[in-house]
Amino acid sequence: MTGRGPLDAQPGYSLPVFDRLAPRPPPAVVGARIDQHTGPGDVVADLFGRGGWVARAAVDRQRRAVSLESSPLTRMLAEVVLRPPDVRHLDAAFQGLAASPRRESSLKVSIGDTFATRCATCSRSLVIDEVVWAVDDEASIAGRIRPVSRHYRCSVCRDQRGGSEQRQAPLDPDDLRRATADVGQGAMRAALLARFPEIPGAEQLPYELLDLHTGRQLVGLGAILERIEMDLRAAPVMATLRLALLHAILPASRLGAGPGRRATIRVASGHVRPHTGTQFRERNPWLAFEDSFKSVRGFIQRLDTGSQGPIQARLGEDLRSLGEGAATAFVGLTGPTGFVGLRDDPNAYGRTTTTPRLRLILGQPPMRPNLERLAAAYHATSWVLGREAAALLPLDELAGASFRAPWGNQASAMARALEAAEPALARDGRVVQLVDGGPEAIVATVLGGASAGFRLLDARLADPDDDAPAVVELIPPTGRLPPGSRTRANVGLEPLPGGAGDPGVVPSSKLFSPPEGFDDRPYSATDAARIVTEAVVDTLLARGEPARFERILGEILVGLDRSGQMRRYATATIGSTAVATPDRLLTAEPSTDADPATDADPATDAEPATEPDAGSDSRPRRPTAQRDAHPDAVERLLALIRDELGRPTQRRLVEIEPGRWWLADGDDLTAAGTPLADRVEWAVYSLLSTAGPISESAFYERMATMFTGPDLADQGLIRASLESYRSLASTPDRMITADDLLRRSQEHTDLLATIAEGGHRLGMKLWIGRREQTRRLATGGLLGDLLEPGEQRLYLGIGPTPEDLAEVDAIWYVRGKAAFLFEVEWTAMLGETLLRRHARIPPDDALIRFLVVAPERAALVRYKLDRSPLMRAALEAGTWHLVRSDQLRAFLARDPLDLADLEPYLGLDPTVERRAEQMPLF
């Protein structure tokens with residue numbers, strides 16, 4: 001429920017390369033989770049860091065941090081994020097780099113000499129910004145290319161002749177000579193090639209990547225790189241200069257399409273896809289480096305705007321160093337070497353300080369590698385960090401035509417990381433993963449946790465229109481689940497002594513020993529399918545309204561975990577096929593997910609292909625084992641869930657619209673609770689009316705604690721309800737409501753009295769609902785006093801029985817002919833009216849229903865109708881007409897009063913407000 005933080009709104013608070021390779025986690029969510037689960041001095045760990053962002057947020061809040069970075073590039077970024085260099089030192093380093101000696105002059109001048117030119121107008125000596133080259137052969141990377149024009153800046157021409165400083169002209173002979181001259185690119189090319197690891201089957205890829213640059217570009221970029229690595233500088237300054245060079249390489253290549261356009265490397269079958277344009281721009285490498293340095297410098301400046309100001313992390317070499325008081329952060333690489341830093345080594349150089357325990361593991365799962373991301377990582381890492389760092393990537397995949405790692409590999413990577421971190425995690429610690437992906441990413445994270453023995457506390461997949469991240473929350477194997485069960489499928493399961501396990505889970509011997517009589521049952525797809533149905537039914541019963549697949553998936557996973565089936569499934573798939581952890585950072589080893597002992601799919605129990613129905617063991621269900629041979633473990637579990645939801649014999653659930661599920665059984669429909677949308681609306685009003693002036697951030701935090709688990713509310717619904725009830729005088733720091741319950745109750749009574757008077761003016765008989773008759777009129781007396789003696793007993797002579805109609809707010813009727821039913825609401829809580837009370841009144845051509853809503857609720861009513869197919873279906877089936885209370889009053893005030901004049905007043909956006917045309921209704 002957290003909104004956007006102040007850093008989110010600041011432009012430039014990110015770097016384009018890392019936005020693609022490793023997007024940062026949402027700062028507001030990270031900060032809220034750290035505040036929620038830890039206190040000052042606690043240790044927060046990120047097992048798959050994307051640049052030290054989680055560690056920075058922890059240090060800003062006086063926590064200690066561990067950041068195991070997912071790649072050497074993010075490790076370099078973390079150096080800058082956790083210890084931003086002083087901008088003055090950074091400027092001095094850049095100026096020193098520009099003035100550093102090279103050949104007969106400085107680095108900047110020597111690079112500029114290769115791009116020297118003269119102004120075509122004033123003949124002043126200048127430096128070319130970029131040269132446009134024409135591509136005569138698009139079939140290769142190098143192709144046949146020739147320079148055709150130049151772009152440069154001439155301030156003299158601008159001042160004396162006017163116009164823009166930017167100029168364009170054809171190349172003169174000197175320009176052509178410099179463009180094709182040999183400036184030592186052979187030696188520089190060889191030095192740069194040595195930075196790229198060789199790839200079997202893609203031996204030409206490094207050459208093609210360098211061919212994206214012209215010879216003098218390679219010399220310029222290589223000279224900048226040599227100077228960065230040659231000089232002795234502080235690590236944060238060095239990392240910042242590398243970042244600046246990294247962001248200059250692609251813009252200074254054939255892929256640089258122009259300002260504001262991001263270049264992308266695409267590789268297929270071990271070759272760079274050829275440039276498809278008819279021309280490209282040869283950017284001056286020093287100018288490209290200057291531009292990228294300005295961007296990175298702005299990035300550094302914005303890092304000083306944290307919640308506690310410019311705080312510098314003090315780095316230690318392992319987890320124990322964080323307990324000694326000096327270090328506040330430990331940064332390493334994900335993998336065996338990084339995980340060693342989490343171990344409590346009894347022989348740690350004779351130190352006696354107690355190793356602190358991890359209180360919170362917070363971060364994001366490893367990004368699923370694909371060919372484009374892998375190619376970009378290979379190119380960037382080789383350029384700025386060199387051969388050894390790039391060799392840590394799964395480079396063999398670059399030789400293939402396509403590559404996308406199985407989701408099961410993501411689960412395996414998560415399992416290995418959690419297994420390594422579990423000994424260092426406090427018993428009451430928590431694991432929170434902010435998942436940037438769809439259902440497969442959520443399931444992979446949950447499976448990884450289950451394989452490592454962790455228990456699932458919560459799983460949440462964001463709705464498509466929700467900007468909140470997907471979240472998976474786990475507790476360690478020795479922790480305890482909160483009391484109670486989330487689904488009826490888990491009744492009777494008790495925790496194991498000293499742990500959070502259940503009697504059906506296959507235990508990990510290193511965590512605890514199974515008690516006597518431990519039930520070592522295998523995974524059962526039949527039981528899992530039954531749990532899926534029970535979990536969804538329980539969720540829908542609690543919500544009281546249909547739910548999207550994104551909402552119910554988390555509850556399904558929680559139900560499978562608490563029943564033990566998730567751990568059994570993970571043991572049969574992820575656990576049985578996990579390979580030794582390679583020293584590779586993008587987890588791309590092949591996975592078969594098949595039981596090596598047999599040729600059977602471990603997820604089918606070795607049971608017959610035709611399994612019993614989840615609701616009854618006597619009815620067959622469609623085969624589940626006749627899918628692809630050994631499909632991915634994550635996709636197989638998702639397939640089981642979807643198959644169970646949509647099986648032809650499913651009697652308790654129905655997909656009322658694509659991706660949205662509701663109850664199908666009559667008993668379940670009767671037992672369903674009040675719709676979540678109505679409960680959220682009332683909670684919003686209650687909070688605004690009883691909590692006094694409240695800030696917007698505090699409001700969202702309170703709402704987040706009120707609706708959790710199956711009742712998790714959509715942010716859009718909460719925002720729509722807040723906008724409907726907040727006063728126009730509200731500010732983000734002081735929100736109030738103008739709605740007063742007593743005033744609204746009196747308005748409701750007065751409107752019913754007006755409706756009653758209008759019915760009598762039309763010559764119709766009147767009925768006022770039994771619960772409304774005792775309301776007191778402002779003029780004295782009760783509403784029930786408006787009924788004439790012949791109207792004291794309801795009898796329409798048409799349609800349903802009087803008992804079904806007795807609670808309708810007001811009815812005009814002509815006995816035996818027609819009836820007009822009015823329901824008056826000052827809120828937008830329509831569930832009781834539409835789905836319960838009027839569900840007992842069958843449709844009839846002689847019954848015309850009017851739903852009267854307050855004009856302040858019109859937008860909220862529209863939002864609820866858009867999100868609820870049940871509401872829309874009920875309105876259509878019941879011949880309902882929506883009318884705003886102010887428009888109904890305006891109609892009833894007409895003299896003479898005629899039903900034929902009513903239609904322009906109907907609707908949330910009535911015709912009478914848009915044009916003065918009246919149309920006959922009947």
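1. Structural notes on the sheet that holds strand E18 (residues 547-548)
Backbone hydrogen bonds hold the strands of a sheet together, and the pairing may be parallel or antiparallel. The three strands lie next to each other as E18-E22-E21, forming an open sheet whose pairing is antiparallel. Two strands bound the open sheet, and with one partner strand each, they are E18 and strand E21 (653-657). Taken together, the four bridges between E21 and strand E22 (residues 660-663) define a ladder with antiparallel strand orientation. Bridged to Val654 within E22 is Trp662.

2. What about the pattern of salt bridges?
Inspection of the entire model under this criterion finds 53 salt bridges. For Glu282, the salt bridge goes to Arg216, with nearest N and O atoms at 2.8 Å. Taken together, the residues Glu282 in strand E11 (residues 279-283) and Arg216 in helix H11 (residues 215-230) connect sequence positions 66 residues apart. In this pair, the class of Glu282 matches that of Arg216, namely buried. The network of salt bridges with shared partners includes Asp739, Arg743, Arg744, Glu747, Glu856 and Arg857.

3. Examining helix H3 (residues 53-60)
Extensive coverage of H3 is indicated by the burial of eight of its eight residues. For H3, the complete set of buried residues consists of Trp53, Val54, Ala55, Arg56, Ala57, Ala58, Val59 and Asp60. Just beyond H3, the residue with positive phi is Gln62, at close to 60 degrees.

4. Considering the confidence of the model for the protein chain
Per-residue pLDDT for the protein chain has a mean of 83; in total, 84% of the residues score no lower than 70. Confidence drops under pLDDT 50 across residues 576-584; counting only partners more than four residues distant or on other chains, this segment forms 16 contacts. Low pLDDT, under 50, characterises residues 586-630; the predicted model gives this stretch 91 contacts beyond four residues in sequence or across chains.

5. Concerning H11
With 16 residues, H11 should reach 22 Å at 1.5 Å per residue; the first-to-last C-alpha distance of 22 Å fits that figure. Of all the 16 residues making up H11, twelve are buried; the element is thus mostly covered by neighbouring parts of the structure. Along H11, the residues that are buried comprise Arg216, Gln217, Leu218, Val219, Gly220, Leu221, Gly222, Ala223, Ile224, Leu225, Arg227 and Ile228.

6. Focus on the sheet that holds strand E25 (residues 818-825)
Ordered by their spatial adjacency, five strands build an open sheet running E23-E24-E25-E26-E27, and the pairing between neighbours is mixed. Every other strand in the sheet has two partners, leaving strand E23 (765-768) and strand E27 (880-884) as the edge strands with one partner each. Shown here is a sheet whose adjacent strand axes are inclined to one another by a mean of 20 degrees, direction ignored. Direction of pairing for E25 relative to strand E26 (residues 847-853): parallel, over a ladder of seven bridges. Pairing of Glu825 across the sheet is with Val853, part of E26.

7. Here's the deal with the nonpolar core
Ranked by size, the top nonpolar core spans 75 residues in total, and within it Phe289 and Trp383 carry the most contacts. Here this core takes ten residues from helix H12 (residues 235-249), the largest share from any one element. Residues in contact with Trp383, not counting those within four places in the same chain, are Leu192, Arg195, Phe196, Leu210, His213, Leu218, Leu221, Leu225 and Ile249. Residues Phe48, Leu456, Ala470 and Tyr523 belong to the second largest nonpolar core, which totals 74 residues.

8. Notes on the side chain of Gln887
Within the element layout of this structure, Gln887 appears in helix H34 (residues 885-892). Looking at Gln887, the relative accessible area reads 8%, which means it is buried. Leave out the neighbours within four places in its chain, and Gln887 touches Tyr905, Pro910, Val912 and Glu913.

9. Brief notes about the packing of helix H9 (residues 185-193) against H11
Each packed pair of helices is defined by two parameters, the angle between the axes and the distance between the axes. Two elements in contact, H9 and H11, have axes separated by 9 Å at closest approach and are oriented at 55 degrees. Between H9 and H11, the angle falls in the class oblique. Considering only the axes of H9 and H11, their crossing is left-handed. In contact with Gln185, Met188, Arg189 and Leu192 of H9, H11 contributes Gly215, Leu218, Val219, Gly222, Ala223, Leu225 and Glu226.

10. With respect to the environment of Arg368
With respect to the secondary-structure elements, Arg368 resides in the loop between strand E14 (358-363) and helix H16 (371-384). Beyond its immediate sequence surroundings of up to four residues, Arg368 is in contact with Arg373, Arg404, Ala405, Pro406, Trp407 and Gln410. In terms of polar contacts, Arg368 uses its side chain to reach the backbone carbonyl oxygen of Ala405, at 2.7 Å.

11. Points about the pairing of strand E1 (residues 43-49)
Taking burial as the measure, the seven residues of E1 include seven buried ones, the bulk of the element. Alignment of E1 against E14, held across three bridges, turns out to be parallel. Note on E14: the bridge partner recorded for Ala45 is Ile361. Across five bridges, E1 lies against strand E2 (residues 64-69) in parallel orientation. Directly across from Val44, in E2, lies its bridge partner Ala65. In terms of handedness, the path from E1 via H3 over to E2 forms a crossover that is right-handed.

Conventions adopted
- Residues numbered from 1 in each chain as written.
- Predicted model: local features only at pLDDT ≥ 70, side-chain atom pairs only at ≥ 80, totals over all residues.
- Heavy atoms only, no water.
- Pairing = 2+ DSSP bridges.
- Helix = DSSP H or I, 4+ residues; strand = E, 2+ residues; numbered from the N terminus.
- Salt bridge = Lys/Arg side-chain N within 4 Å of Asp/Glu carboxyl O.
- Buried < 20%, exposed > 50% of the residue type's maximum accessible area, 1.4 Å probe, protein only.
- pLDDT = per-residue confidence, 0-100.
- Contact = heavy atoms within 4.5 Å.
- Expected span 1.5 Å × (residues − 1).
- Axes fitted to C-alpha atoms, helices over the stretch in contact; angles between N-to-C directions.
- Core = buried A, V, L, I, M, F, W, Y, C linked by side-chain atoms within 4.5 Å.
- Parallel < 35°, antiparallel > 145°, perpendicular 65-115°, else oblique.
- Left-handed = near helix turned anticlockwise from the far one by under 90°.
- Polar contact = N/O pair within 3.5 Å; in protein donor to acceptor, adjacent residues only side chain to side chain.
- Right-handed = clockwise from strand over helix to strand, strands pointing away.

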